[in-house]
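Breakdown of the fold
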Amino acid sequence: MKGAILTVCPEATLVDISHEIPAHDVAAGALTLEAACDSFPPATVFLAVVDPGVGSERRPIALAAGRFLFVGPDNGLFTFLLDAQPLARVRLIANPILRRPRVSPVFQGRDIFGPAAGHLARELALDEVGPVVPDPVRLALPAKTCGADGCLGVVVRADRFGNLVTNLLEKDLDSLAAGGRQGFEIVAGGLTLPLVRAYSDVPIGSLCALIGSSSRLEIAIRQGRADGLPQLATGVAVSVHRAG
Amino acid sequence: MKGAILTVCPEATLVDISHEIPAHDVAAGALTLEAACDSFPPATVFLAVVDPGVGSERRPIALAAGRFLFVGPDNGLFTFLLDAQPLARVRLIANPILRRPRVSPVFQGRDIFGPAAGHLARELALDEVGPVVPDPVRLALPAKTCGADGCLGVVVRADRFGNLVTNLLEKDLDSLAAGGRQGFEIVAGGLTLPLVRAYSDVPIGSLCALIGSSSRLEIAIRQGRADGLPQLATGVAVSVHRAG
Amino acid sequence: MKGAILTVCPEATLVDISHEIPAHDVAAGALTLEAACDSFPPATVFLAVVDPGVGSERRPIALAAGRFLFVGPDNGLFTFLLDAQPLARVRLIANPILRRPRVSPVFQGRDIFGPAAGHLARELALDEVGPVVPDPVRLALPAKTCGADGCLGVVVRADRFGNLVTNLLEKDLDSLAAGGRQGFEIVAGGLTLPLVRAYSDVPIGSLCALIGSSSRLEIAIRQGRADGLPQLATGVAVSVHRAG
């Protein structure tokens, strides 16, 4: 895939965001992309391929969302970006100049997405990519509710450190009482955890909850792995509420 | 090794092809290199070091094959390229300007191959590298037979998705009856599998065989791992023949 | 973190030294950095973040040591560089232009170290980074003794090939009798090993000791993993002495 990008755009700077998305785990890819992209320079092209449906009818797409461009399969990988950027423009990759001459039905990363990303990096206009896609696929996300008295969400993923990422965003917690987050605690899987600022606010080996590097509420064990606890599997409900 | 390349050729664009070759597995390295190189721009220099014989008498070599250059140990890593490119030119890395001043007997990737690749990327002529190597080492590959009625090969490797790569190339299957691949099936390890176009042609969790991203016949479980099946270990015979 | 670097310094060439430092293992990071940095071009900026104390009072630092610059947490990651370069200059990262506008208490790699590295790569003077740090943290290293008759050290780490790296440097062994290393052997964990030049000096599957790619004495099994032997865990004493 990188060879295909460089064939089109030899001057590209390539950055690997992660080598650790589990095979076929579109939701993990979507969360990783959301967490990473804000730190990159404007006009960065993100090529994301977690693609269990390769070779089927799922559409190859390119989109402009915020100050970035994205290329990949239309399977929900871009859900969080589409949610955050209501004005995102989505196009089908249909222009034949964006494909390699032979397209393998098992490796479109190399044969479609790589070349398309290379052309976008060379400033091809998004409108040249293909027709508008009015209904890009979004992941069915677990529900969450937030109000002045607390929030209710779920664990959605363990990251590579074993921290448990939830579907609650930092800005969801901003809706808590004007007094700020002091005085709130988390209950998940029958465990009660303090809501802290940094891992170092609790002793080594202790459970805590905090806003992690992805701007989401995470459950962690300082210098340990929270994903080893059977009570805290993916899907477990997480409640944020006033302590005591 | 990358530092050694950049010391010689600061303007090089470095791409990691794989971090997942098992230690000392020359055949896996050779197959990975074959699968990757076709997608890169002309004149790319491929530096490949799977080198269980480092520090022994095995020769360091550089070669020009097709539109690419290759650098690495003479231990069979380049077997498939040499087979595909009968006009490949192979040279011993002997020119002292291509080495770091001190050569460790355990890390020639840094001290010989990296600098040599850097000089070739800066357009040093291959003939300057050292004398001709008339007899580069090739891996002893398992036999295969192909004809109009079918092909017989073996499983040679599991890739990182758990797909089982065989020694049968897409072009080997081209020798099947002029009617194309329709109507053919695969038998391996006592199992009979459909020959399909893409993973999505079978239900999730089902076995199939198809031409994979490396242009080789592969055995796969859709969204699963075929390398977990004891019947399908490396070395198992794979037969392609007319169904029914 | 890479996005933060490229935002400040779009022309940077980024190289990943390792993806395999165990989480929170500062000593492994320090050893990996020591082993890698000598091969890079002068003025390379090394960004190292193994940071179990992120969000606590530990200081963010930048240093000039030898011909290189380093950026990371003040937790001992730079111990070997400070030991090797007594004239190293260490500064606190305090200049507000070196930080992203919002600094997460859990991801200073992105919000402090990445931007600081980008500015140093753009040739910001080290003195502009912040005030002098007179007392950078150093790891408490296990003791070693070396003389003309032998050396005594310990195993400090297993590398990714399963080789056991010790705290004895190549130059420590230079203090052995003027006759050179011939005639010396290693005892560790009750096992006696030959001191050889390269893995290929012993049969496949045999234990040996040699100066590894990091210029340290290592214990290895040729084409095997020495870290599987219970007698040779991290912390085991390693003696180098005249054989017989």
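Glancing now at the overall build of chain A. Of regular secondary structure, chain A possesses five helices and twelve strands. In terms of overall dimensions, chain A has C-alpha extents of about 65 × 30 × 30 Å along its principal axes. Looking at chain A as a whole, 52% of its 244 residues qualify as buried. A separation of at least 24 residues holds for 62% of the contacts in chain A among residues at least 6 apart in sequence. Carbon and sulfur atoms form 55% of the exposed surface of chain A, whose accessible area is close to 10,700 Å². For chain A, the distance from the average position of its 22 positive side-chain charges to the average position of its 24 negative side-chain charges is 3 Å.

Taken together, the 19 residues of chain B in the interface contact 20 residues of chain A. Between chain B and chain A, the buried area comes to about 1,600 Å², and carbon and sulfur atoms account for 57% of it. Looking only at chain B, the three residues that lose the most surface to chain A are Ser39, Ser213 and Gln223 of chain B, adding up to 30% of its buried area. Taken together, the connections running from chain B to chain A amount to one salt bridge. Ionic pairing is found between Arg102 of chain A and Glu170 of chain B, a salt bridge with its closest N-O pair at 3.3 Å. On inspection of chain B and its partner chain A, the count reaches seven residue pairs in polar contact (both at pLDDT 80 or more). Residues of the side of chain B that touches chain A, tallied by class, amount to eight nonpolar, seven polar and four charged.

Each partner contributes residues to the interface: chain A has 19 residues there, and chain C has 20 residues. Together, Ser39, Ser213 and Gln223 of chain A form the three largest contributors to the area buried by chain A at its contact with chain C, with a combined 30%. Taken together, the links from chain A to chain C amount to one salt bridge. Taken together, the links from chain A to chain C amount to seven residue pairs in polar contact (both at pLDDT 80 or more). Within the side of chain A that touches chain C, the residues separate by chemical class into eight nonpolar, seven polar and four charged.

All names here are of chain A. On the basis of which strands lie adjacent, the open sheet formed by four strands has the order S1-S3-S2-S4 and mixed pairing. Strand pairing shows two members of the sheet lacking a second neighbour, strand S1 (45–47) and strand S4 (89–92), which therefore form its edges. The average angle at which neighbouring strand axes cross in this sheet is 20°, direction not considered. Most of the contacts of helix H4 (residues 108–121) go to strand S3 (residues 68–73), to which it runs at about 165°, and overall it touches S1, strand S2 (60–65) and S3.

Attention now goes to unusual backbone geometry. The backbone phi angle of Ala43 of chain B is positive, close to 75°, even though this residue is not glycine. Among the structural elements, Ala43 of chain B can be located in the loop between helix H2 (26–37) and strand S1 (45–47). Despite not being glycine, Ser215 of chain C has its phi angle at roughly 65°, a positive value. Its location among the elements puts Ser215 of chain C in the loop between strand S10 (207–211) and strand S11 (216–221). Owing to a relative accessible area of 34%, Ser215 of chain C belongs among the partly exposed residues under this scheme.

This brings us to the confidence of the model for chain A. Within chain A, residue pLDDT values average 92, and 98% of them lie at 70 or more. In the model output, the complex is listed with pTM 0.91 alongside ipTM 0.89.

So, about the packing of aromatic side chains. Tallied over the entire structure, the rule returns 15 aromatic pairs over all chains. Ring plane angle 85° and centroid distance 5.4 Å describe the contact between Phe40 of chain B and Phe46 of chain B, whose orientation is recorded as edge-to-face. The class of Phe40 of chain B is buried, set by a relative accessible area of 9%. Note on Phe46 of chain B: relative accessible area 4%, which makes it buried. Here the aromatic rings of Phe68 of chain C and Phe70 of chain C are separated by 6.4 Å at their centres, their planes lie at 85°, and the arrangement is edge-to-face. When its relative accessible area of 1% is taken as the criterion, Phe70 of chain C is described as buried. Taken together, the ring pairs in this structure connect Phe40, Phe46, Phe68, Phe70 and Phe78 of chain A into an aromatic cluster.

The next point concerns the relation of the copies chain A and chain C. Overlay of chain A on chain C (RMSD 0.0 Å): rotation 120°, translation along the axis 0.0 Å. Look at the turn and shift together and you get a three-fold axis relating the two. Every residue of chain A has its C-alpha some distance from the rotation axis, and the shortest such distance is that of Thr13 of chain A, at 4.6 Å. When the interface residues of chain A are mapped onto chain C, a mere 5% of them are again interface residues, pointing to distinct binding faces.

What follows is about the environment of Arg58 of chain C. All names here are of chain C. You can see Arg58 is positioned in the loop between strand S1 (45–47) and strand S2 (60–65). Residue Arg58 is classed as buried on the basis of its relative accessible area of 13%. In this structure, Arg58 is in contact with Asp51, Gly53, Pro73, Asp74, Gln108 and Phe113, ignoring residues within four places of it in sequence. Within the local environment of Arg58, its side chain forms a polar contact with the side chain of Asp51, the two groups lying 2.7 Å apart. Reaching out from Arg58, the side chain makes a polar contact with the side chain of Gln108 at a distance of 2.9 Å.

Moving on: the relation of the copies chain B and chain A. When chain B is fitted onto chain A, the two copies agree to an RMSD of 0.0 Å after a turn of 120° and an axial shift of 0.0 Å. Interface overlap between copies is the fraction of interface residues in one copy that are interface residues in the other; for chain B against chain A it is only 5%, indicating separate surfaces.

With that settled, the discussion passes to H4 of chain A. All names here are of chain A. The end-to-end C-alpha distance of H4, which contains 14 residues, comes to 18 Å, matching closely the 20 Å that a straight helix rising 1.5 Å per residue would cover. Taken as a whole, H4 carries its principal kink of about 30° at Gly114; the proline Pro115 stands between one and four residues after it. With twelve of its 14 residues buried, H4 lies for the most part within the structure. Those residues of H4 not exposed but buried are Gln108, Gly109, Arg110, Asp111, Ile112, Phe113, Gly114, Pro115, Ala116, Ala117, Gly118 and Leu120.

Parameters and conventions
Residues numbered from 1 in each chain as written. Chains lettered and ligands numbered in written order. Predicted model: local features only at pLDDT ≥ 70, side-chain atom pairs only at ≥ 80, totals over all residues. Heavy atoms only, no water. Helix = DSSP H or I, 4+ residues; strand = E, 2+ residues; numbered from the N terminus. Buried < 20%, exposed > 50% of the residue type's maximum accessible area, 1.4 Å probe, protein only. Contact = heavy atoms within 4.5 Å. Areas by Shrake-Rupley, 256 points an atom, 1.4 Å probe, with all protein chains shown as cover. Lys, Arg positive; Asp, Glu negative; His and termini not counted. Charge placed at Lys NZ, Arg CZ, Asp CG, Glu CD. Buried area = accessible area lost by both parts, 1.4 Å probe. Salt bridge = Lys/Arg side-chain N within 4 Å of Asp/Glu carboxyl O. Polar contact = N/O pair within 3.5 Å; in protein donor to acceptor, adjacent residues only side chain to side chain. Nonpolar A, V, L, I, M, F, W, Y, C, P; charged D, E, K, R; others polar. Pairing = 2+ DSSP bridges. Axes fitted to C-alpha atoms, helices over the stretch in contact; angles between N-to-C directions. pLDDT = per-residue confidence, 0-100. Phe/Tyr/Trp six-rings, centres within 6.5 Å; stacked < 30°, edge-to-face > 60°. Least-squares fit on C-alpha atoms with pLDDT ≥ 70 in both. Expected span 1.5 Å × (residues − 1). Bend = angle between axes of the 7 residues up to and from the residue.

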